[in-house]
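# Analysis of the macromolecular model
In case you want the letters, here they are:
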Amino acid sequence: MKRMIWLMVCLIGLMSLPEMTSAHAYLKQSNPSVNTELETSPKNISLVFSEPIQPAFHHIEIFGEDGNAELHESFIPEDDETKLIAKLKQDLGKGTYTIKWRVISSDGHPIEGTIPFTIGQEAVTKAAAEDHSSVYFPGLDKILIQGMQYLSFSLLIGFLFFHLWLFPRKKTFYSSQFSGIIWIAFTLLALSILLSLPLQTTTDAAVGWNSVFKVSLLKQTVFHTTFGTIWMIEMALLVILFSSLLLTKKVFPAAYGSFLLIAALMLCKASIGHTAAVNNQVLAVIMDFFHLLGMSLWLGNLLALVLLLPGESKKEKDNSIYWQTIQRFSTFAIVFVLILLVTGIYASVQHVSSIQSLVNTLYGKVLIGKVLLMLIMIGMGAYHFFRGKFKEKKLGPSVLIEFSIGLIIIILAALLTNLPPADSHEIDNSQVITIENYQVSLELTPSQTGLNELMVQVSEKNGTIPDIEQITGTLVSLDMNMGEGNVVLKKKESGTYTAAPIISMDGSWKLSIHVLTKEYESVDTDFPITISKPK
């Protein structure tokens, strides 16, 4: 039974590798708003985000038909960390403009987007952006460096755990092989933490590795971002850990100190990133820490059982040390299972909103890939169970294959850590378009497949509500040929008309509005809209 529990840890633990993520920040409101037409130049540009943004590496630019418009440096008001403002140095003339912005969200990931608007022009239909912002997609360098950090955590804390609690003759156990692996793992950990500073700067400042080693850029990351504060703590812990590992061979209790220092470094890792963007940050950090701890203990001990245990057990006349160590690991496996289950369920409930989100987002597809690897692990676990059931055959090279699959899942975990989760913020299709002497505004909620509420308001530019004979709409999918869907809007009150269209597919659509006044004047305009799958 204990052997079976041990095998199940392989399956559950690797399935629950770190993927504690939260939605990246997104733009909630802007002034000017998307596709708005202003009578006069705005005095400043104001952006409001869904969560606080960091005080470093933010900027706003305006591009007009004649080039860039001059702006004072953007700033975050002291009383509202979700807002970014930049003041114009001079008034803008009539024309079409595009605001380009970029910020670092509280979880340490950059987001950027564009906002088109016009001044003093009678609009032709303007193209609205389908998504007002875009999020950062991790590069290979970030995935490899984070994967290296996860691996080094696993080796260090797993082998120390083996040294302290699994191997029966712990006071005489400190082989050259053990020492070599510990110092290789420490070197990988130190390298990954050192490289994480320029790596984060390349992301935040949007520069390449050839330009990142500027003192001004690195200082801005260290002293003006949450990441920088945690990074300095990590560097201090690394120095102390180095000293503690030097003492471990001669002073056995130093191994306990090394174990706690590695756990502290893992807590630092859990304190940056997506956990900074959730409402209950303390709970999120705790769950992420135990998630990482459970995974690291499992993978590290698995490799220790393969690399260290066979050689040490040969020193005994029988296999009692070998099977005693296996049984001890099986006992601890129960705790690992509980940790990984609780934290894995917490992450899944928070960040995978539906089956549709799971199969239609990149996050969900990567997660499915991990599950497929887990099916392979299940087969390998069953194989190892039947080999070791009667204590007749020891673990073989196939366990290394099992560990290698774990390494692949570590890389996928590093990717998931930087992807937006299988969820999305509510899409806002509110738009206002001016056609000749008329202003037409649109609201569509919830902007999801299925039943929606459509509201159209029509007024003249001077504010007068015209007498309207009829308003109709035509829906056309821009992603595939589905024909036209027609709706007739009913009067709700003066100038306001509503309908309840059913939209059959997510993606990009065009909603054409036709207004016929009592004087038989036609007002025709097209609204680009985006439809999501229901949450």
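Everything that follows concerns the structure shown earlier in this document.
Report on the accompanying structure.

Criteria and cut-off values
Along each chain, residue indices are assigned from 1 in the same order as the chain's sequence is written. In view of the model being predicted, local features appear only for residues whose pLDDT reaches at least 70, and side-chain atom pairs are presented and counted only at 80 or more, with totals across whole chains, interfaces and linings using the full set of residues. Side-chain figures throughout are based on the complete set of non-hydrogen atoms in the structure, without hydrogens or water. A strand pair is defined by DSSP finding two or more bridges across the two strands. For the purposes of this entry, the term helix denotes a DSSP run of H or I that reaches at least four residues, the term strand denotes a run of E that reaches at least two, and both are numbered from the N terminus. Between the N-to-C directions of two axes lies an angle of 0 to 180 degrees, each axis being a line fitted to C-alpha atoms and, for a helix, fitted only over the stretch in contact. Patches in this entry comprise residues that are over 30% relatively accessible and not in a salt bridge; like charges within 9 Å are linked, as are nonpolar side chains (Val, Leu, Ile, Met, Phe, Trp, Tyr) within 5 Å. Shrake-Rupley sampling with a 1.4 Å probe provides the accessible areas, and residues are treated as covered by the protein chains on show and by no other component. Within this document, salt bridges are pairs made up of a side-chain nitrogen of Lys or Arg and a carboxyl oxygen of Asp or Glu, the two lying within 4 Å of each other. For the exposure calls, accessible area comes from a 1.4 Å probe over protein chains only, and a residue counts as buried if that area is under 20% of its type's maximum, exposed if over 50%, partly exposed in between. Our angle categories are set so that under 35 degrees counts as roughly parallel, over 145 as roughly antiparallel, 65 to 115 as roughly perpendicular, and the remainder as oblique. In this scheme the crossing of two helices becomes right-handed for a clockwise turn of the near helix relative to the far one and left-handed for an anticlockwise turn of less than a right angle. Contacts are assigned to residue pairs with any non-hydrogen atoms lying within 4.5 Å of each other. Just so you know, the count uses Lys and Arg for positive and Asp and Glu for negative, and it drops His and the chain ends. The location of each charge is read from NZ of Lys, CZ of Arg, CG of Asp or CD of Glu.

For the rest of this paragraph, the subject is the sheet that holds strand β1 (residues 27-31). On the basis of which strands lie adjacent, the open sheet formed by three strands has the order β1-β3-β6 and antiparallel pairing. Both outer strands of the open sheet, β1 and β6 (83-87), are each paired with one neighbouring strand and no more. Each adjacent strand pair in this sheet contributes to an overall mean axis angle of 10 degrees, direction not counted. Bridging between β1 and strand β3 (residues 44-49) involves four bridges; their strand directions are antiparallel.

In this section: the sheet that holds strand β10 (residues 431-435). Strands sit in the order β10-β11-β13-β16-β15-β14-β18-β19 across an open sheet of eight strands; the sheet is antiparallel. Looking at strand neighbours, the two that pair on one side only are β10 and β19 (522-531), the edges of this open sheet. The sheet shows a mean angle of 25 degrees between the axes of neighbouring strands, direction not considered. Bridging between strand β11 (residues 438-445) and strand β13 (residues 453-460) involves eight bridges; their strand directions are antiparallel. Bridge pairing links Y438 to E460 in β13.

A contiguous nonpolar patch, built from V282, I286 and F290 and spanning about 260 Å² of accessible area, is present on the exposed surface. Mapped onto the secondary structure, F290 falls in helix α7 (residues 281-307). For F290, a relative accessible area of 34% translates into the label partly exposed.

For the rest of this paragraph, the subject is the side chain of Q200. With respect to the helices, strands and loops of the structure, Q200 is situated in helix α3 (residues 176-205). Overall, the relative accessible area of 7% leaves Q200 in the buried class.

All right, on to the pattern of salt bridges then. Two side chains with opposite charge may pair up if their charged atoms get near one another. Applying the stated criterion across every chain, the model contains four salt bridges. Among the ionic pairs, K43 bridges to D91, the shortest N-O distance being 3.5 Å. Here D91 lies in the loop between β6 and β7 (95-104) and K43 lies in the loop between β2 (37-38) and β3, a separation of 48 residues in the sequence. The same class applies to K43 and to D91, which are both exposed. As a salt-bridge pair, E70 and K89 come within 3.9 Å of each other at their nearest N and O atoms. Separated by 19 residues along the polypeptide, E70 in the loop between β5 (67-69) and β6 and K89 in the loop between β6 and β7 bring together distant segments of the chain.

Our focus in this paragraph is the packing of helix α2 (residues 140-166) against helix α6 (residues 254-271). Close contact between α2 and α6 brings their axes to 10 Å; oriented N to C, the two are set at 150 degrees. Classed by the angle they form, the pair α2 and α6 counts as roughly antiparallel. Judged by the sense of rotation from one axis to the other, the crossing of α2 with α6 is left-handed. Counting all contacts with α2, which are made through Q146, Q149, Y150, F153, L156, I157, L160, F161, H163, L164 and W165, the residues of α6 involved are A255, Y256, S258, F259, I262, A263, L265, M266 and K269.

Negative charge collects at one region of the surface, where E436, D467, E519 and E521 lie side by side. Mapped onto the fold, E436 is located in the loop between β10 and β11. Given the relative accessible area of 54%, E436 is considered exposed.

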